[in-house]
Amino acid sequence: MTKRVPVETQEEADAHLVESLEQALKWFEGDESDVVVHRFTIAVPDIAKLRRRLKLTQDAFAGKIGVPVATLRNWEQGRRYPTGPARVLLNALDREPKAVMAAIAASETVEAAE
(Lines give C-alpha, C1' and ligand atoms only; values in the text may rest on other atoms or scores of the structure.)
Protein backbone atom coordinates (compact mmCIF):
# COMPACT_ATOMS: atom_id res chain seq x y z
CA MET A 1 0.00 0.00 0.00
CA THR A 2 1.37 3.43 -0.92
CA LYS A 3 1.13 6.47 1.30
CA ARG A 4 0.56 9.54 -0.85
CA VAL A 5 2.09 12.78 0.30
CA PRO A 6 0.67 15.89 -1.36
CA VAL A 7 3.36 18.04 -2.95
CA GLU A 8 2.96 21.32 -4.76
CA THR A 9 6.35 21.73 -6.39
CA GLN A 10 9.04 19.55 -7.87
CA GLU A 11 11.37 20.71 -5.08
CA GLU A 12 8.92 19.37 -2.45
CA ALA A 13 8.68 16.06 -4.30
CA ASP A 14 12.48 15.86 -4.49
CA ALA A 15 12.84 16.63 -0.78
CA HIS A 16 10.28 13.96 0.10
CA LEU A 17 12.11 11.40 -2.05
CA VAL A 18 15.46 12.23 -0.42
CA GLU A 19 13.87 11.92 3.05
CA SER A 20 12.39 8.54 2.12
CA LEU A 21 15.72 7.28 0.82
CA GLU A 22 17.49 8.47 3.98
CA GLN A 23 14.94 6.59 6.11
CA ALA A 24 15.41 3.47 4.00
CA LEU A 25 19.19 3.69 4.41
CA LYS A 26 18.86 4.09 8.20
CA TRP A 27 16.57 1.05 8.32
CA PHE A 28 18.97 -0.97 6.17
CA GLU A 29 21.81 -0.06 8.55
CA GLY A 30 19.74 -1.25 11.54
CA ASP A 31 18.50 2.10 12.87
CA GLU A 32 14.72 1.84 13.16
CA SER A 33 14.32 4.90 15.43
CA ASP A 34 12.86 7.19 12.76
CA VAL A 35 11.44 4.56 10.45
CA VAL A 36 8.04 2.93 10.18
CA VAL A 37 8.31 -0.53 8.63
CA HIS A 38 5.19 -2.19 7.26
CA ARG A 39 5.27 -5.95 6.89
CA PHE A 40 2.53 -7.93 5.18
CA THR A 41 1.87 -11.63 5.25
CA ILE A 42 -0.02 -13.21 2.39
CA ALA A 43 -1.87 -16.30 3.58
CA VAL A 44 -1.45 -19.59 1.79
CA PRO A 45 -4.67 -21.43 0.94
CA ASP A 46 -5.01 -25.17 1.52
CA ILE A 47 -3.48 -26.18 -1.80
CA ALA A 48 -4.68 -29.80 -1.87
CA LYS A 49 -8.22 -28.68 -1.05
CA LEU A 50 -8.03 -25.98 -3.75
CA ARG A 51 -6.81 -28.50 -6.34
CA ARG A 52 -9.60 -30.94 -5.47
CA ARG A 53 -12.16 -28.14 -5.66
CA LEU A 54 -10.92 -27.44 -9.19
CA LYS A 55 -11.24 -31.18 -9.96
CA LEU A 56 -7.63 -31.45 -11.17
CA THR A 57 -4.99 -34.11 -10.67
CA GLN A 58 -1.63 -33.10 -9.25
CA ASP A 59 -0.10 -33.39 -12.73
CA ALA A 60 -2.80 -31.24 -14.33
CA PHE A 61 -2.79 -28.60 -11.58
CA ALA A 62 1.01 -28.34 -11.58
CA GLY A 63 0.92 -27.89 -15.35
CA LYS A 64 -1.74 -25.18 -15.13
CA ILE A 65 0.19 -23.10 -12.59
CA GLY A 66 3.60 -23.80 -14.13
CA VAL A 67 5.40 -25.66 -11.35
CA PRO A 68 6.95 -29.12 -11.20
CA VAL A 69 4.71 -31.83 -9.73
CA ALA A 70 7.30 -32.43 -7.01
CA THR A 71 6.96 -28.78 -5.92
CA LEU A 72 3.17 -29.10 -5.77
CA ARG A 73 3.47 -32.26 -3.69
CA ASN A 74 5.85 -30.54 -1.28
CA TRP A 75 3.36 -27.69 -0.88
CA GLU A 76 0.43 -30.03 -0.35
CA GLN A 77 2.33 -32.08 2.23
CA GLY A 78 3.59 -29.03 4.11
CA ARG A 79 7.28 -29.68 3.45
CA ARG A 80 7.57 -26.38 1.59
CA TYR A 81 5.43 -23.30 1.12
CA PRO A 82 4.82 -21.26 -2.03
CA THR A 83 6.38 -17.83 -2.15
CA GLY A 84 6.20 -14.75 -4.33
CA PRO A 85 4.14 -14.98 -7.51
CA ALA A 86 3.12 -18.60 -6.83
CA ARG A 87 1.57 -17.59 -3.49
CA VAL A 88 -0.30 -14.71 -5.12
CA LEU A 89 -1.53 -16.96 -7.96
CA LEU A 90 -2.78 -19.60 -5.50
CA ASN A 91 -4.62 -16.93 -3.48
CA ALA A 92 -6.21 -15.58 -6.65
CA LEU A 93 -7.26 -19.11 -7.64
CA ASP A 94 -8.74 -19.63 -4.18
CA ARG A 95 -10.77 -16.42 -4.36
CA GLU A 96 -11.68 -16.21 -8.05
CA PRO A 97 -11.19 -19.68 -9.53
CA LYS A 98 -13.32 -19.16 -12.64
CA ALA A 99 -11.60 -15.92 -13.67
CA VAL A 100 -8.09 -17.23 -13.03
CA MET A 101 -8.72 -20.55 -14.78
CA ALA A 102 -10.14 -18.62 -17.75
CA ALA A 103 -6.97 -16.49 -17.87
CA ILE A 104 -4.79 -19.61 -17.67
CA ALA A 105 -6.79 -21.25 -20.47
CA ALA A 106 -6.43 -18.13 -22.62
CA SER A 107 -2.65 -18.10 -22.12
CA GLU A 108 -2.47 -21.81 -23.01
CA THR A 109 -4.31 -21.05 -26.24
CA VAL A 110 -1.81 -18.30 -27.11
CA GLU A 111 1.15 -20.59 -26.35
CA ALA A 112 -0.32 -23.35 -28.52
CA ALA A 113 -0.76 -20.92 -31.42
CA GLU A 114 2.85 -19.73 -31.25
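Residues numbered from 1 in each chain as written. Predicted model: local features only at pLDDT ≥ 70, side-chain atom pairs only at ≥ 80, totals over all residues. Heavy atoms only, no water.

(A) Representation of the overall build of the protein chain. Each helix and strand counted, the protein chain has 6 helices and 0 strands in total. Helices and strands appear in the protein chain in the N-to-C order α-α-α-α-α-α. Residues classed as buried in the protein chain amount to 18% of the 114 residues present. Taking contacts inside the protein chain between residues at least 6 apart in sequence as the whole, the part at least 24 apart equals 46%. Accessible area of the protein chain: about 8900 Å², with a carbon and sulfur share of 55%. (Helix = DSSP H or I, 4+ residues; strand = E, 2+ residues; numbered from the N terminus. Buried < 20%, exposed > 50% of the residue type's maximum accessible area, 1.4 Å probe, protein only. Contact = heavy atoms within 4.5 Å. Areas by Shrake-Rupley, 256 points an atom, 1.4 Å probe, with all protein chains shown as cover.)

(B) Highlighting a nonpolar patch on the surface. Together, Leu25, Trp27 and Phe28 line one region of the surface with nonpolar side chains, adding up to about 360 Å² of accessible area. Structurally, Trp27 can be placed in helix α1 (residues 10-28). For Trp27, a relative accessible area of 36% translates into the label partly exposed. (Patch = residues over 30% accessible without salt bridge, like charges linked within 9 Å, V, L, I, M, F, W, Y side chains within 5 Å. Salt bridge = Lys/Arg side-chain N within 4 Å of Asp/Glu carboxyl O.)

(C) Representation of the environment of Tyr81 within the structure. Tracing the chain through its elements places Tyr81 in the loop between α4 (69-76) and α5 (84-95). Taking relative accessible area as the criterion, Tyr81 reaches 55% and is therefore assigned exposed. Residues Tyr81 and Ile47 lie 34 residues apart in sequence; the distance between their C-alpha atoms is 9.8 Å.

(D) View of the nonpolar core. Residues Leu54, Phe61, Ile65, Leu72, Trp75, Leu90 and Leu93 are the most contacted members of the largest nonpolar core, which totals 15 residues. Counting only elements with at least two residues in this core, the list comes to α2 (47-53), α3 (58-65), α4, α5 and α6 (97-113). If we ignore the near neighbours within four places in the chain, the residues touching Trp75 are Ile47, Ile65, Val67, Arg80, Tyr81, Pro82, Ala86 and Leu90. (Core = buried A, V, L, I, M, F, W, Y, C linked by side-chain atoms within 4.5 Å.)

(E) Structural context of unusual backbone geometry. For Lys55, which is not glycine, the phi torsion reads 60° and is therefore positive. Residue position: Lys55 is located in the loop between α2 and α3. Residue Lys55 is classed as exposed on the basis of its relative accessible area, which comes to 74%.

(F) Quick look at a negative patch on the surface. A grouping of Glu19, Glu22, Glu29, Asp31, Glu32 and Asp34 is seen on the molecular surface, where their side chains present a negatively charged patch. Residue position: Glu29 is located in the loop between α1 and α2. (Lys, Arg positive; Asp, Glu negative; His and termini not counted. Charge placed at Lys NZ, Arg CZ, Asp CG, Glu CD.)

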